[in-house]
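Structural description and commentary
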Amino acid sequence: MDKKIKLGIIGIGNMGSGHADNIAVKGLCPDFELTAIADINPDRLSWAKEKYGDGVKLFSTAEEMLESGIIEACMICVPHYDHPKYAIECMRLGIHVMVEKPAGVYTKQVREMNEEAKKHNVVFGMMFNQRTNHIYRKMRELVQSGEYGNIRRTNWIITNWYRPQAYYDSGNWRATWSGEGGGVLLNQCPHQLDLWQWICGMPKTVEAHLKYGKWHDIEVEDDVTTYVEYENGATGVFVTTTGDGYGTNRFEIQLDKGRIVAEGDKLDVVKYDISEPEFSATNKVAFAAPPSHKVEIETDGKNEQHVGVVNAWGGAILRGTSLVADGSEGINGLTLSNAMHLSSWLNKTIELPFDEELYYNELMKRVATSRRKTGVKNVFADTSSTYGGSNK
C-alpha cells in the first residue's frame with residue numbers, strides 16, 4: 001500500500017469540514033489519511049465524531065493534537081489572527097503545515113512565521129486555491145512570457161462579494177478588528193490580492209480609500225477603492241465591496257502589445273500587430289489605433305481548487321513535487337491589504353515596504369476599541385466552530 005500522510009485539522013468549521021470531507025468522505029486526496037481533529041467547541045467535536053467515526057482522534061485543543069505525535073501534517077482552519085501561531089507550532093514540531101488564507105492579519109506576525117519556516121524541514125503551503133484556476137494561470141503565463149510587452153495598467157473590479165447584514169450577524173467575531181482584523185480585504189479578497197501580485201508583481205506605492213461600515217452595521221471596511229503604481233511607471237486600480245447586490249468580477253491588464261481581460265470565466269485577449277509605443281511614434285493618422293487581432297486562447301480547462309492545492313501539498317511531502325503556493329508567499333497579498341488599511345488610516349500614499357511596527361500599532365488601537373459582538377445567534381451553527389469560524 002502506498003504511504004499515506006497522517007493528517008490533523010485545527011478547526012472543523014466550514015473550511016475545516018470541507019477539507020475533511022474531501023479527504024475522509026469523498027476520497028479526493030489519496031495521499032492523506034484524516035487522523036485527528038482539534039476544536040475547542042465541544043459541539044463541533046460531537047459533530048465530527050458522528051460524521052467521521054472512531055477512526056479520527058478528537059482533541060479539545062490544538063496543542064494536545066500537535067503534541068500527540070499521531071499526525072505528520074496539519075491544516076490550519078482557524079480565525080485569521082491564529083494562523084501564524086499554529087503554523088509556527090507545527091513547524092517547531094516537525095509537522096508539515098497548510099495554512100488557510102489569509103496568511104495572518106498583519107505582516108509582522110507573518111514575517112515571523114516565514115522566518116521560522118526557514119529553520120525547519122517541513123513543507124509549508126498556503127491555501128491559495130484560485131491559483132489552480134486555468135484562467136488565472138493562463139493570464140500569468142501570458143503576462144510573464146514577455147510576448148505582450150510591459151504592463152501599463154491593471155484594473156480589477158471585484159464587487160460580486162455581496163453579503164447581507166445577516167451574514168455579519170452570524171458570528172460575534174465577524175467584521176470586527178479584534179475578531180477578524182479587517183473586512184472585505186481580509187475575508188473575501190485575499191485570493192484576488194494574491195492573484196493580482198502573482199500575475200502582475202508587487203507595486204511600489206499604494207493609495208487607498210476605504211469606507212468602514214458604509215453598507216452594513218460593522219466596524220471594518222466594506223467598500224474599497226485603491227490606486228497603485230509599479231516600478232516601471234504602470235498604474236493599477238483595485239475596487240471591491242460587499243455592498244453591491246449584483247456585482248462584477250473583471251480583471252483587465254493593458255500591456256504595450258495587447259490587452260488581456262478575465263471576466264465571467266472567460267479570457268479575452270487582443271494582441272497588437274505593432275507595439276503601442278512604436279505605433280504612436282510612427283503613425284501619421286490622427287485618430288488611428290494600433291492594428292490588432294483577437295487571439296484565441298487555449299487553456300487546459302482545469303480548476304482543481306482546494307483539492308488541487310491539497311494534492312500538490314501531498315506530492316511535495318511524499319515526492320518532492322511543486323506546491324501550488326509556497327507558504328512564504330502569503331505575505332505578499334497581505335502586504336497589499338495592510339498597505340491599503342494604513343493608507344486609509346493615515347490618509348496618505350504608502351510606499352512599500354512600509355513600517356510594519358507602525359501598522360501593528362495602528363491596528364491595535366482599533367482592536368482596543370473593537371465592538372466585537374456578543375450573544376449573536378450563529379446561523380451557521382451546523383458548520384461553524386470557535387476554531388473554525390473563518391468560514392468565508
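Heads up: these notes are all about the structure in this document.

So, how was this worked out
- Residues numbered from 1 in each chain as written.
- Predicted model: local features only at pLDDT ≥ 70, side-chain atom pairs only at ≥ 80, totals over all residues.
- Heavy atoms only, no water.
- Helix = DSSP H or I, 4+ residues; strand = E, 2+ residues; numbered from the N terminus.
- Rg over C-alpha atoms; globule rule 2.2 N^0.38 Å.
- Buried < 20%, exposed > 50% of the residue type's maximum accessible area, 1.4 Å probe, protein only.
- Contact = heavy atoms within 4.5 Å.
- Areas by Shrake-Rupley, 256 points an atom, 1.4 Å probe, with all protein chains shown as cover.
- Lys, Arg positive; Asp, Glu negative; His and termini not counted.
- Charge placed at Lys NZ, Arg CZ, Asp CG, Glu CD.
- Core = buried A, V, L, I, M, F, W, Y, C linked by side-chain atoms within 4.5 Å.
- 1 Å grid on protein atoms, 1.4 Å probe; cavity = no way out; pocket = protein on both sides within 12 Å on 5 of 7 lines; lining within 4 Å.
- Points joined across faces, edges and corners; volume = space filled by probe spheres on them.
- Pairing = 2+ DSSP bridges.
- Axes fitted to C-alpha atoms, helices over the stretch in contact; angles between N-to-C directions.
- Phe/Tyr/Trp six-rings, centres within 6.5 Å; stacked < 30°, edge-to-face > 60°.
- Disulfide = S-S within 2.5 Å.
- Nonpolar A, V, L, I, M, F, W, Y, C, P; charged D, E, K, R; others polar.
- Salt bridge = Lys/Arg side-chain N within 4 Å of Asp/Glu carboxyl O.

1. Comments concerning the overall build of the chain
Secondary structure summary: the chain contains 13 helices and 15 strands in total. For the chain, the C-alpha radius of gyration of 22 Å lies close to 21 Å, the compact-globule estimate for 392 residues. Dimensions of the chain, computed from C-alpha atoms along their principal axes, come out at roughly 75 × 55 × 40 Å. Looking at the chain as a whole, 55% of its 392 residues qualify as buried. Pairs at least 24 apart in sequence give 71% of the contacts found in the chain among residues at least 6 apart. By element, 48% of the accessible surface of the chain is carried by carbon and sulfur atoms, the whole surface being about 17000 Å². Here the chain contributes 43 positively and 52 negatively charged side chains, and the mean placements of these two sets differ by 1 Å.

2. Some points on the nonpolar core
If you look at the biggest cluster of nonpolar residues, it comprises 85 residues, and the most contacted ones within it are Trp 196, Phe 251 and Met 340. Per-element accounting of this core gives the leading share, seven residues, to helix H12 (residues 330-346). Apart from residues lying up to four places away in sequence, Trp 196 is in contact with Thr 154, Trp 156, Gly 201, Val 228, Tyr 230, Gly 236, Val 237, Phe 238, Phe 251, Leu 336 and Met 340. Cys 29, Leu 45, Met 127 and Val 307 belong to the second-largest nonpolar core, a separate cluster that totals 27 residues.

3. Overview of the layout of surface pockets
The volume enclosed by the second largest pocket comes to roughly 220 Å³. Lining the second largest pocket we find 13 residues, and of these Gln 130, Asn 133, Tyr 136, Asn 249 and Asp 265 sit closest to its centre. Looking at the lining of the second largest pocket, the elements that each hand over two or more residues are helix H6 (134-145) and strand E12 (258-263).

4. Let's talk about the sheet that holds strand E9 (residues 221-229)
The strand order E14-E13-E12-E11-E7-E10-E9-E8-E15 describes an open sheet built from nine strands, whose pairing is mixed. Of all the strands in the sheet, just strand E14 (292-295) and strand E15 (350-351) have a single pairing partner and so form its edges. Lying on the sheet, helix H9 (residues 190-200) is in contact with strand E7 (151-158), E9, strand E10 (235-241) and strand E11 (249-255); it crosses E7 at an angle near 165 degrees.

5. Quick notes on the packing of aromatic side chains
One pass over the full model with this rule turns up twelve aromatic pairs. Ring geometry for Tyr 167 versus Tyr 168: centroids 5.0 Å apart, planes at 80 degrees, classification edge-to-face. With respect to burial, Tyr 167 and Tyr 168 carry one shared label: buried. Taking 6.0 Å as the distance between ring centres and 50 degrees as the angle between the ring planes, the aromatic pair formed by Trp 177 and Tyr 212 counts as tilted. On the criterion of sequence distance, the pair formed by Trp 177 in the loop between helix H7 (165-168) and helix H8 (184-187) and Tyr 212 in strand E8 (residues 205-212) is long-range, its members being 35 residues apart. For Trp 177, a relative accessible area of 5% corresponds to the buried category.

6. Here's the deal with the state of the cysteines
By definition, a disulfide links the sulfur atoms of two cysteine residues through a covalent bond. Enumeration according to the criterion identifies zero disulfides in this entry. We note that Cys 77 lacks a disulfide partner, and the nearest cysteine sulfur, in Cys 74, lies 8.1 Å from it.

7. Considering empty space enclosed by the protein
Within this structure, the stated rule accounts for three cavities of 30 Å³ or more. By volume, the largest cavity amounts to about 70 Å³. Breaking the lining of the largest cavity down by element, the ones donating at least two residues are H8, H9 and H12. Counting residues per element, the lining of the largest cavity draws most heavily on H12, at four residues. Split by residue class, the lining of the largest cavity holds eight nonpolar, three polar and one charged.

8. Quick look at the sheet that holds strand E4 (residues 73-76)
Read from one edge to the other, the open sheet built from six strands follows the order E3-E2-E1-E4-E5-E6, with strand pairing classed as parallel. Looking at the sheet topology across the chains shown, the edges are occupied by strand E3 (57-59) and strand E6 (124-126). On average, each strand axis in the sheet is inclined to that of its neighbour by 25 degrees, with strand direction left out of account. Where helix H2 (residues 42-52) meets the sheet, it contacts strand E2 (32-38) and E3, and its direction lies at approximately 155 degrees from that of E2.

9. Some details on H9
Of all eleven residues that make up H9, eleven are buried, and the element is covered over most of its length. Once H9 ends, the next one or two residues include Gly 201, with phi positive near 90 degrees.

10. What to know about helix H5 (residues 107-117)
Regarding H5, the residues found buried are Thr 107, Gln 109, Val 110, Met 113, Asn 114, Glu 116 and Ala 117. Elements in contact with the buried residues of H5: helix H4 (83-92), E6, H12 and helix H13 (356-368).

11. Concerning the pairing of E9
Consecutive side chains of a regular strand alternate in pointing toward one face of the sheet and then the other. Where E8 and E9 come together, eight bridges link them in antiparallel fashion. For Ala 208, the partnering residue across the bridge sits in E9 and is Thr 226. Here E9 hands over to E10 after five residues, with Gly 233 in that stretch at a positive phi of 95 degrees.

12. Here we look at the pattern of salt bridges
Tallying each qualifying case throughout the model produces 24 salt bridges. Asp 217 is the salt-bridge partner of Arg 371, the closest N and O atoms lying 2.8 Å from each other. With a gap of 154 residues between them, Arg 371 in the segment after H13 and Asp 217 in the loop between E8 and E9 connect regions that are remote in the sequence. Judged by relative accessible area, which is 38%, Arg 371 ranks as partly exposed.

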